[in-house]
Amino acid sequence: MPQGYARRMSGLRWGILATGGIATSFTSDLRHAGLDVAAVGSRSAESSARFADRFEIPRAHGSYEALVADPDVDIVYVATPHPLHAENALAAIAHGKHVLVEKAFTQDAAQAAAVRDAARSAGVLAMEAMWTRYLPHMAWVRELVRGGRLGEVRTVTADHTQSLPTDPSHRINALALGGGALLDLGIYPISFAWDLLGAPESLVARGRLGETGADTEVATISTHAGGAIATTLSSSRAAGPNVAHVIGTAARIDIDHVWYTPTTARLTLPDGTVAETWENRVTGRGMQHQALAAERIIADGGRDSDLLPIDETVAIMAALDDIRSQLGVSYPGES
Ligand SMILES: NC(=O)C1=CN([C@@H]2O[C@H](COP(=O)(O)OP(=O)(O)OC[C@H]3O[C@@H](n4cnc5c(N)ncnc54)[C@H](OP(=O)(O)O)[C@@H]3O)[C@@H](O)[C@H]2O)C=CC1
Ligand SMILES: O=C1CO[C@H](CO)[C@@H](O)[C@@H]1O
C-alpha cells in the first residue's frame, strides 16, 4: 500500500546499504522527514526489492557493489554489522560517495582511521551515525553545560542496558559479527561522556564475558580534564533504567528513560527545585536528525561533523580497543 511520502527535492540522494533492523528504522524516519531515498542495496535481490517496495524507493540493487556504483546516489548509509562497516564505507568512498556509517563506526581504530583517511583523500564526508548526538535534547544539554548553568560538572553517569537475544549466532553475541555489549551499547554512554567532558585522561573497565567470549556487561570509570569523573554501564542481558545524569555543583540534568532516544529531561537545583524542563517533540525514532545534519554540512561545503568530528570517532574507537584489551575481548583476526 503506497504511503505517499512527501519529498524534499533539494537534499541529497540517499542510498541504503543493507536491509536489516536499523536500516528499516532509519529509512522510515528519512521517508517521514521527506528526505530523498534514491536506492537500496542488499546481498539479496529479493530483500532489496521488498525493502524498496515498502519504502517506495526507486531503485533496488541486488548487491552492495551495485548500490555504491549507482550514479544517482550521493550519500550511502552503511547498516551492516560492525566488522563490515569499513569495507562497505571504503567501497562507497571509492565511488565518490559521502558515507554515514552506523555505530560502532568500525570494529577497531585502525579501520576507523583508514575510512577517515580515504574520505579525506576523496573529499567526501565520513560521519558516524551516533544519532544521539544530533537529537534536540542533547543540544539543550550541551547549551546548559557550556553556558555554566550546572556550575562545575563533577560527574556524568549513564547506562545502556538491554535484554537482547542470547542466541550465540545473533550479532550481539557472535564475535565474527563484532558481538559484545561495548561496541553495540556501551559506546553510547562513552560517547556521551566524551561529548560533555572531552577525551578521558584515564579509563578503567571491568566486564563479564558470555559463552561466545563476547562481553555481556561492561562498566567503565574515566577521569577527565579538571577532575570530572564519568561512569558508564552496558549490558546485553538485563535491561536497566537507561537514564543519564550530568551532575554539577550548581545543578544537575536528569535525562529520562530512554536517554539516548528522543525523551524528556530536567534541570534540577540541589534543593530539588526543577529550574527547567525539556519536553520531547521529536516525531518517529529521531534518526532523521543525523541525516539532516549530514545534509547541512555537505550543503555548506563542509566535510566533517562539528558535533562529532571524525577524529573524535577514531579516538573513541581507540578507547574501545583499549577497553576490549582490558576485558580480554578480541575479534577474529586480531591478536
Ligand atoms: N543506531 C541505532 O539505534 C542502531 C544501530 N545499529 C547498528 O546497525 C548495525 C546493524 O545492526 P542491525 O540492523 O540491528 O542488524 P541486523 O542483523 O538486523 O541487520 C544487518 C544487515 O546487514 C546485512 N549483512 C551483511 N552481512 C551480514 C552478515 N554476515 N550477517 C548478518 N547481516 C549481514 C544484512 O542485510 P542484507 O541482507 O540486506 O544485505 C542484514 O540485514 C550494527 O552496526 C549496529 O550497531 C543497530 C541497531 C540500532
Ligand atoms: O544502537 C542500538 C540501540 O539499541 C539496540 C537494541 O534495541 C542495539 O542493539 C543497537 O545496536
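Residues numbered from 1 in each chain as written. Chains lettered and ligands numbered in written order. Predicted model: local features only at pLDDT ≥ 70, side-chain atom pairs only at ≥ 80, totals over all residues. Heavy atoms only, no water.

Comments concerning the overall build of the protein
Looking only at helices and strands, the protein features nine helices and 14 strands. Along the three orthogonal principal directions, the C-alpha set of the protein runs to about 55 × 45 × 40 Å. When burial is assessed residue by residue, the protein has 53% of its 335 residues classed as buried. Considering only contacts in the protein between residues 6 or more positions apart, those separated by 24 or more positions represent 66%. Here the protein has roughly 13,500 Å² of accessible surface; of this, 53% comes from carbon and sulfur atoms. Taking the 28 positively charged and 38 negatively charged side chains of the protein as two groups, their mean positions are separated by 3 Å. (Helix = DSSP H or I, 4+ residues; strand = E, 2+ residues; numbered from the N terminus. Buried < 20%, exposed > 50% of the residue type's maximum accessible area, 1.4 Å probe, protein only. Contact = heavy atoms within 4.5 Å. Areas by Shrake-Rupley, 256 points an atom, 1.4 Å probe, with all protein chains shown as cover. Lys, Arg positive; Asp, Glu negative; His and termini not counted. Charge placed at Lys NZ, Arg CZ, Asp CG, Glu CD.)

Considerations on the site of ligand 2
The environment of ligand 2 is formed by Lys103, His160, Gln162, Leu164, Arg171, Asp184, Leu185 and Tyr188. One of the side-chain N or O atoms of Lys103 is found 2.7 Å from an oxygen atom in ligand 2. Contacts to ligand 2 include Asp184, whose side-chain N or O atom sits 2.6 Å from an oxygen atom. Starting from 290 Å² of accessible surface for ligand 2 in isolation, the protein chains cover 76%. Counting residues per element, the shell around ligand 2 draws most heavily on helix 7 (residues 181-197), which supplies three residues. (Near = heavy atom within 4 Å. Polar contact = N/O pair within 3.5 Å; in protein donor to acceptor, adjacent residues only side chain to side chain.)

Considering helix 9 (residues 310-327)
Relative to the 26 Å expected for 18 residues at 1.5 Å per residue, helix 9 spans 26 Å between its end C-alpha atoms, a close match to the ideal helical length. Against the buried residues of helix 9 lie helix 5 (109-122), strand 6 (126-129), helix 7, strand 8 (202-209) and strand 9 (215-223). Positive phi appears at Gly328, one or two residues downstream of helix 9, with a value of about 80 degrees. (Expected span 1.5 Å × (residues − 1).)

Re the packing of helix 6 (residues 136-146) against helix 7
Taken N-terminus to C-terminus, the directions of helix 6 and helix 7 make an angle of 35 degrees; their axes are 10 Å apart at the nearest point. Where helix 6 approaches helix 7, its residues Met138, Val141, Arg142, Val145 and Arg146 are matched on the opposing element by Phe192, Asp195 and Leu196. Its residues assigned to classes, the contact of helix 6 with helix 7 shows five nonpolar, no polar and three charged. (Axes fitted to C-alpha atoms, helices over the stretch in contact; angles between N-to-C directions. Nonpolar A, V, L, I, M, F, W, Y, C, P; charged D, E, K, R; others polar.)

What about the sheet that holds strand 10 (residues 229-235)?
Read across the sheet, eight strands follow the order 8-9-10-7-11-12-13-14 without closing on themselves; strand pairing throughout is mixed. The open sheet is flanked by strand 8 and strand 14 (274-278), the only strands paired with a single partner. Ignoring strand direction, the axes of neighbouring strands in this sheet form an average angle of 10 degrees. Pairing of strand 7 (residues 153-161) with strand 11 (residues 244-248) involves five bridges; the strand directions are antiparallel. By the bridge assignment, Thr157 is partnered in strand 11 with His245. This element, helix 6, spans strand 7, strand 11, strand 12 (252-255), strand 13 (265-268) and strand 14 of the sheet and lies at about 170 degrees to strand 12. The sheet contacts of helix 9 involve strand 8 and strand 9, and relative to strand 8 the element is tilted by about 50 degrees. (Pairing = 2+ DSSP bridges.)

Some words on the UniProt feature "domain: Gfo/Idh/MocA-like oxidoreductase N-terminal" (unreviewed entry) in the protein
Feature annotation in UniProt assigns "domain: Gfo/Idh/MocA-like oxidoreductase N-terminal" (unreviewed entry) to the following positions: residues 13-127. Segment residues 13-127 splits into 49% helix and 22% strand. End C-alpha atoms: 16 Å apart. (UniProt positions renumbered as here; feature names shortened; annotations may be inferred.)

A few points about the pattern of salt bridges
On inspection of all chains with the given rule, the structure shows 19 salt bridges. Where Arg133 meets Glu312, a salt bridge forms, and the shortest distance between an N and an O atom there is 2.8 Å. Of the two residues, Arg133 sits in the loop between strand 6 and helix 6 while Glu312 sits in helix 9, which places them 179 residues apart along the sequence. In this structure, Arg324 engages Asp321 in a salt bridge whose closest nitrogen and oxygen atoms are separated by 3.5 Å. In this pair, Arg324 and Asp321 are both assigned in helix 9, three residues apart and thus about one turn of the helix distant. The class for Arg324 is buried, based on a relative accessible area of 3%. Residue Asp321 is classed as partly exposed on the basis of its relative accessible area of 23%. What you see here is one network of salt bridges that share partners, running through Arg133, Arg142, Arg146, Asp195 and Glu312. (Salt bridge = Lys/Arg side-chain N within 4 Å of Asp/Glu carboxyl O.)

Things to note about the side chain of Arg133
For Arg133, a relative accessible area of 3% translates into the label buried. Leaving out residues up to four positions away in the same chain, Arg133 has contacts with Met138, Arg142, Ser191, Trp194, Asp195, Leu307, Leu308, Glu312 and Ile316.

What to know about unusual backbone geometry
Cis rather than trans, the peptide bond between Lys103 and Ala104 has omega equal to -15 degrees. As for its position among the elements, Ala104 is in the loop between strand 5 (98-102) and helix 5. A cis amide bond links His257 with the next residue in sequence, Val258, at an omega value of -10 degrees. Tracing the chain through its elements places Val258 in the loop between strand 12 and strand 13. We note that Ala18 has phi near 100 degrees; this positive angle belongs to a residue other than glycine. Its place among the elements puts Ala18 in the loop between strand 1 (13-17) and helix 1 (21-32).

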